[in-house]
Amino acid sequence: MPCVGDWLNNPLSIVRGFFAQNVPNSDWEKKVTEYFKEKLKENNATNWVPSLNDVPVHYLKPNSLVKFRCMVQDMFDPEFYMGVYETVDSNTNARVLHFGKYRDVAECGPQQEIDLNSPQTVTLERQTFYCVPVPGESAWVKEISFFASQARVSPSTSYTPSRHKRSYEEDEDMDLHPSKQKEQHMGNNSGGDIHGCVEPKRLETEAPAGHHLISPNCSPPLDLNFPLPGEKGPACLVKIYESWESFKVNDVLEVYGILSVDPVLSIVNSEERDSSALDPMECMDTAEEQRVHSPPASLVPRIHVILAQKLQHINPLLPACLKEEESKTFVSNFMSELSSVRAELLGFLTHALLGDSLAAEYLILHLISTVYARRDVLPLGKFAVNLSGCPRNSVFSEHVYRIIQQLVPASHRLQMTVENMNHSRFIPRKDYAANRLVSGVLQLASNTSLVVDETQLEQGQLDTTGVHNVTALGNLITWQKVDYDFNYHRMEFPCNINVLITSEGRSLLPSDCQVHLQPQIIPPNMEEYMSSLLTAVLPSVLNKFRIYLSLLRLLDYSISDEVTKAVEEDFVEMRKNDPESITADDLHKTLLVARFLSLSAGQTTLSRERWLRAKQLEALRKGRLQQQQCVNGNEL
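Residues numbered from 1 in each chain as written. Predicted model: local features only at pLDDT ≥ 70, side-chain atom pairs only at ≥ 80, totals over all residues. Heavy atoms only, no water.

Note the threshold: UniProt positions are given in the numbering used here, feature names are shortened, and annotations may be inferred rather than shown by experiment.
Where an unreviewed UniProt entry is consulted, the protein chain appears under the name Mini-chromosome maintenance complex-binding protein, with the organism given as Furnarius figulus. A UniProt comment under Sequence similarities (unreviewed entry) is attached to the protein chain, and it reads "Belongs to the MCMBP family."

### Things to note about the pairing of strand β18 (residues 498-502)
Stated formally: Burial classes: relative accessible area under 20% of the type maximum marks a residue as buried, over 50% as exposed, and values in between as partly exposed (1.4 Å probe, protein chains only). Every helix listed is a DSSP run of H or I at least four residues long, and every strand listed is a run of E at least two residues long, numbered separately from the N terminus. In short, DSSP must find at least two bridges between two strands for them to pair.
In terms of burial, β18 is a largely internal element, five of the five residues being buried. Both faces of β18 are covered, namely the face carrying Asn498, Leu500 and Thr502 and the face carrying Val499 and Ile501. Note that strand β11 (residues 385-388) and β18 share three bridges and pair parallel. From the neighbouring strand, Asn386 faces β18, where its bridge partner is Ile501. Where strand β15 (residues 449-453) and β18 come together, five bridges link them in parallel fashion. Residue pairing across strands places Val451 opposite Leu500, the latter belonging to β18.

### Some points on the environment of Gln520
Selection rule: Under the rule applied, a polar contact is a pair of N or O atoms within 3.5 Å (in protein, one hydrogen donor and one hydrogen acceptor; residues adjacent in sequence only if both atoms are side-chain atoms).
Residue placement: Gln520 occurs in the loop between β19 (513-516) and α16 (526-536). Spatially, the C-alpha atom of Gln520 lies 4.9 Å from that of Gly355, the residues being 165 residues apart in sequence. Of the polar contacts made by the side chain of Gln520, one reaches the backbone oxygen of Gln518; its length is 3.0 Å.

### Let's talk about the packing of aromatic side chains
As a reminder of what qualifies: Geometry of aromatic contacts follows a simple scheme: Phe, Tyr and Trp rings, the Trp one being its six-membered ring, pair when their centres are within 6.5 Å, and the pair is stacked under 30 degrees between planes, edge-to-face over 60, tilted otherwise. Should the NZ of a Lys or the CZ of an Arg lie within 6 Å of a ring centre and within 35 degrees of the ring normal, that charge is described as sitting over the ring.
The final tally for this structure, using the stated rule, is 14 aromatic pairs. With a centroid separation of 5.8 Å and 45° between ring planes, the pair formed by Tyr432 and Tyr488 is classed as tilted. Placement of the pair is Tyr432 in the loop between β13 (429-431) and β14 (436-438) and Tyr488 in the loop between β16 (481-485) and β17 (490-494), with a sequence separation of 56 residues. When the ring centre of Phe99 is taken as reference, the NZ or CZ atom of Arg103 above it lies at 4.7 Å.

Given below as structure tokens:
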């Protein structure tokens with residue numbers, strides 16, 4: 001067997017060893033998986049594996065072990081490959097068996113030929129996912145993940161030449177679209193010096209601005225199909241060999257696999273496109289489909305997955321799985337200081353919301369809310385909040401979003417202007433010519449915070465696209481689903497997105513709860529006031545806020561029979577006292593507030609104290625709305 005260090009730098013040698021020892025049996029594949037699973041458990045070994053989220057592709061050794069934190073944007077059709085094949089030496093007629101798993105290109109020596117008619121050949125199937133970095137992933141997530149990594153990836157002379165080979169095809173693509181080149185080399189860096197020592201080296205590989213190659217035979221620039229505008233980082237073709245049925249579109253995965261960036265892939269795919277153009281019968285795929293499904297490996301690298309797991313969350317400050325023994329210790333230690341963290345967070349958000357402590361309470365409840373179950377079509381646990389009373393055309397809404405961005409792992413701010421509604425693509429749609437799912441703004445990972453800024457809305461006419469987009473946004477809020485457009489039909493994709501709407505009056509969009517802002521402070525310089533809030537918070541305190549919000553979303557919650565009975569009796573009494581204004585919807589809303597109020601205090605069951613506090617908060621919230629209605633003389 002190869003030396004221990006080879007599992008990182010040359011994992012195929014490990015696979016080759018198991019294959020050679022167990023070739024008559026089929027359990028060599030299981031042994032490979034078990035070997036890498038055990039290796040990654042040793043002494044934080046996961047931190048030694050280079051990540052495509054942090055490191056540009058050309059700094060990684062081809063065929064080395066890498067990891068990638070990503071969202072499944074699309075699923076391609078399964079593909080067949082030679083799991084086992086036999087080569088024949090043309091001089092000696094010696095026959096050798098090879099494995100095809102974890103490879104794009106067959107292993108074949110200069111004097112060897114593949115015997116396609118060999119009885120030893122085994123054809124197998126694998127699934128290809130098109131994966132992108134998690135949409136809207138916060139800069140602090142990238143930063144903490146990068147500094148936690150102990151992988152060393154400075155360029156090495158041992159594999160620099162392969163970079164030079166690839167650079168020719170990269171240049172052709174990049175010259176057409178210089179911005180793509182910058183995105184590719186910048187990886188997921190969102191600006192600043194987050195990546196410190198790596199950043200200056202990345203710049204060496206960038207082409208000078210304005211350098212264009214004009215060629216009549218050039219194909220148009222490759223669209224990496226990111227759901228959100230301005231996203232950076234690599235897209236990857238992730239090839240999964242086992243249990244791919246357990247993954248679906250929009251799942252967030254962390255994959256460990258073998259990096260494949262062989263330049264031969266681009267040459268082969270180019271030749272296939274040329275031959276199919278000459279003889280359409282040679283290939284049933286369209287040229288556009290081949291281009292999308294087989295992009296240059298330097299732009300869209302391949303990862304042959306050895307291990308893959310669906311992530312509960314992407315907060316690097318939390319253990320990946322909370323059920324393990326070490327994680328339970330982490331949770332119990334944090335719970336001991338939870339009440340003080342909550343008090344500090346409430347104070348911080350109160351200042352952010354201009355001294356409004358009630359709005360800050362509801363913002364905390366909103367940020368820890370999550371869809372925990374579905375009853376028929378009704379999503380349980382969603383808590384979309386409309387924060388009304390926000391200053392119009394002010395930087396206030398933008399700064400509220402920036403603060404949320406510093407607290408949650410993934411977020412996006414959607415400016416609700418007539419132009420955006422009419423010209424943006426919200427709903428993903430199927431492109432049958434390219435046989436791919438074209439992404440839209442609402443193709444987001446679970447637990448993403450979506451802040452809809454309605455304060456930018458002016459008078460204007462929505463066209464057909466605008467109406468569809470507003471409808472899609474309403475359906476997302478109400479039903480936590482997005483209907484993807486498959487031309488001939490719509491397909492429902494359930495989601496779990498926290499939606500906060502900032503508006504001047506009552507929002508045009510539906511919401512579960514409207515909280516009217518009552519500022520206690522009017523800062524003379526809003527920009528300066530909001531910026532100073534973040535700079536005043538210690539990084540250690542900010543990290544506690546981040547752990548608090550992510551952890552509470554993952555806790556279980558229940559209501560005892562005794563408390564259920566007490567709540568029912570209390571509700572009956574409320575109806576007797578005020579039969580006209582207290583409805584079943586009020587009961588549902590108060591129970592929801594009580595749920596998140598309990599969780600926010602670290603309690604996983606409802607107590608009478610929390611129920612009474614929830615009723616008090618709801619009374620204060622409704623009182624504000626009635627007061628505002630009296631002032632304005634119309635409904636908010």
